[in-house]
Amino acid sequence: MIVMKFGGTSVQDAQAIDRVAAIVRERLHEQPVVVVSALAKITDQLLAMAAAAGAGDRKKALELSQAARERHYSCATDLLGNDLLGKQAFAQIAAELEADFNGLDELLRGVVAVGELTARTTDTISGFGEKVSSKIAAAAFCQRNIEAAHVDSRKCIVTDSNFGKAVPQFEETDARLKETVKPLLDRKRVPVMGGFIASTPQGIPTTLGRGGSDFSAAIIGAGLNAGRIEIWTDVDGMMTTDPNLCPDAKRIKNISFEEAAELAYFGAKVLHPATLLPAIQKNIPVLILNSRNPKNEGTRITATAPKSKNIFKAIAAKKRITVVDVVATRMLMAHGFLKSIFEVFANHRCPVDMVSTSEVSVSVTVDSNESIAAIAADLAKLADVKYEGRKAIVCLVGENIKTMPGIAAKVFSAIPDANIHMISQGASEINISFVIDEDAVPDVVSRLHRTFFSQVDPEVFA
Ligand code: ADP
Ligand code: ASP
Ligand code: MG
């Protein structure tokens, strides 16, 4: 079997879902499980509804919900058509959508009434998009004579209760996938599931973090021992950098798990950073493909990739970074000092990306988040602290770094006047990364891209 995951833009409207059905049809002989995201932008809108309700703005919350409701209805109408069979199929899905959206409105009113939006309720609301998009996609497939069966991901993917970014419990998840999804495959059905959503063992809805449908696809693929995991999106594959930043970015034909994981972690949004973990464990190839250009070969991510003549495979940039500087004038980095600093970040459940130290100071980068002030207050008990947001990590990745001397000189001479706040090389041996001001990202990335990718090795890039 294989897993085919379609992102938000790939299911944004009836036309897009129609294209998806055609793509799935081509793969029926491979026994696909289909995973879909919410319709494009819906998750943002759901979070806006939740925030409005939490702030007591009932009118805004319900208006946004009404707009989402209409968009889903019209998508379903367009998909299912106006003939007799289409009308029957629509009546069925319309009844489900009505019940689901009524439930959403009830929840939003409840949030307004209690005057508080909890992380738990946020997850129930933000996952609503996948709950309904998967039902619409399944109905559309059936209408097109693909024997699809909707599967509630919240009954299969089990996580802890870390709302907003829940961690999967693989053993229980795998058991449930084998129990619910496998029998459908055995009966030649096409299971259609929502990405991103899961629940605790007690059945409380959770989500896997923004962009988490990719991760869902990998969890399902690993659980069912897929031969391949396909991530269908709106670009031709993993590119040498974000094509929005550099329109001349080239497609990477083959890349290793390790390289792709570094790129995803450091901002290549095309893949959720956790996606490759389950794939690596089971050695399942991951493909990135374009649902608007399905004939393109895309990018193949596997354990090993062919060597490239270019030094790097790609450049990623991760914005919304805060740099925290801790200066310990008195302690002069006494032993145990670093431990106490990292304990503060751990206590706030705040992951640290990059670290650099001197005799008296430590600088770390974290994703900008609402806990920074509290973290700084705790750090201030140990040393002098300052922090600054609106920074970005730029990261160049490629396995050639391991063996080539003089790489750092090549990188920094391409951007001689850039204001660099931190540098790191060596941790993974395949990346060199540094911190700059967020505003400088477009300029720095384009200059690096021009330097390292004006000419590309045709064996590896296209
Ligand atoms: P989906 O909704 O299909 O999950 P995403 O928006 O999450 O799609 O990811 C696709 C987007 O990732 C692309 O449109 C592109 O702008 C962005 N992106 C960032 N870095 C890269 C990269 N190196 N290669 C390809 N796309 C990238
Ligand atoms: N719909 C979710 C989001 O926008 C998950 C996803 O699309 O991967 O974050
Ligand atoms: Mg995505």
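Check the entry above for the structure.
Residues numbered from 1 in each chain as written. Chains lettered and ligands numbered in written order. Predicted model: local features only at pLDDT ≥ 70, side-chain atom pairs only at ≥ 80, totals over all residues. Heavy atoms only, no water.

A.B. asks: Mind showing me how you'd approach unusual backbone geometry here?
C.D. replies: Residues other than glycine predominantly adopt negative phi, and peptide bonds predominantly adopt the trans conformation. Residues other than glycine seldom take positive phi values, yet Asn145 does so here, at roughly 60 degrees. Of note, Asn145 is situated in the loop between α6 (128-143) and β3 (148-151). Assessed through its relative accessible area of 68%, Asn145 is described here as exposed. Non-glycine residue Arg320 carries a positive phi angle of around 55 degrees. Inspection of the secondary structure puts Arg320 in strand β11 (residues 314-327). (Helix = DSSP H or I, 4+ residues; strand = E, 2+ residues; numbered from the N terminus. Buried < 20%, exposed > 50% of the residue type's maximum accessible area, 1.4 Å probe, protein only.)

A.B. asks: Would you mind showing me how to read the layout of surface pockets here?
C.D. replies: A water-sized probe rolled over the atoms picks out the places where empty space is left. If you add up the space inside the second largest pocket, you get close to 350 Å³. Considering the residues around the second largest pocket, the lining is formed by 14 residues, among which Ala89, Gln92, Ala138, Ala139 and Cys142 are closest to the centre. Elements that contribute at least two residues to the lining of the second largest pocket include exactly α4 (84-114), α6 and β3. Classifying every residue of the lining of the second largest pocket by side-chain character gives eight nonpolar, three polar and three charged. (1 Å grid on protein atoms, 1.4 Å probe; cavity = no way out; pocket = protein on both sides within 12 Å on 5 of 7 lines; lining within 4 Å. Points joined across faces, edges and corners; volume = space filled by probe spheres on them. Nonpolar A, V, L, I, M, F, W, Y, C, P; charged D, E, K, R; others polar.)

A.B. asks: Please clarify how the pairing of strand β12 (residues 352-357) should be interpreted in this entry.
C.D. replies: For a regular strand, side chains alternate in direction, first toward one face of the sheet and then toward the other. Where β12 meets strand β13 (residues 361-367), five bridges bridge the pair, whose relative direction is antiparallel. Across the sheet, the residue bridging to Thr357 is Val362, located in β13. (Pairing = 2+ DSSP bridges.)

A.B. asks: Help me understand the site of ligand 2, please; the structure alone is not making it clear to me.
C.D. replies: Around ligand 2, the surrounding shell consists of Ser37, Thr43, Glu130, Phe196, Arg210, Gly211, Gly212 and Ser213. At a separation of 3.0 Å, an oxygen atom of ligand 2 approaches a polar side-chain atom of Ser37. In the environment of ligand 2, an oxygen atom lies 3.0 Å from a nitrogen or oxygen atom belonging to the backbone of Ser213. When ligand 2 sits alone it has 260 Å² of accessible area, and the protein chains cover 85% of it. Looking at the shell around ligand 2, its residues break down into one nonpolar, five polar and two charged. (Near = heavy atom within 4 Å. Polar contact = N/O pair within 3.5 Å; in protein donor to acceptor, adjacent residues only side chain to side chain. Areas by Shrake-Rupley, 256 points an atom, 1.4 Å probe, with all protein chains shown as cover.)

A.B. asks: I would appreciate a short explanation of the site of ligand 1 in the present structure.
C.D. replies: Among the 17 residues in the neighbourhood of ligand 1, the closest are listed as Thr233, Asp234, Met239, Asn244 and Lys269. Contact distances for ligand 1 include 2.7 Å between an oxygen atom and a side-chain N or O atom of Thr233. Coverage of ligand 1 by the protein chains reaches 87% of its 570 Å² of free accessible surface. Partitioning the shell around ligand 1 into residue classes produces seven nonpolar, six polar and four charged.

A.B. asks: Could you clarify how one ought to interpret the packing of helix α5 (residues 119-126) against α6 in this entry?
C.D. replies: Axis separation between α5 and α6 bottoms out at 4 Å; the angle between their running directions is 25 degrees. Between α5 and α6, the interaxial angle falls into the category roughly parallel. Each of Thr124, Ile125 and Ser126 in α5 lies in contact with α6, whose residues at this interface are Phe128, Gly129 and Glu130. In terms of residue class, the contact of α5 with α6 is made up of two nonpolar, three polar and one charged. (Axes fitted to C-alpha atoms, helices over the stretch in contact; angles between N-to-C directions. Parallel < 35°, antiparallel > 145°, perpendicular 65-115°, else oblique. Contact = heavy atoms within 4.5 Å.)

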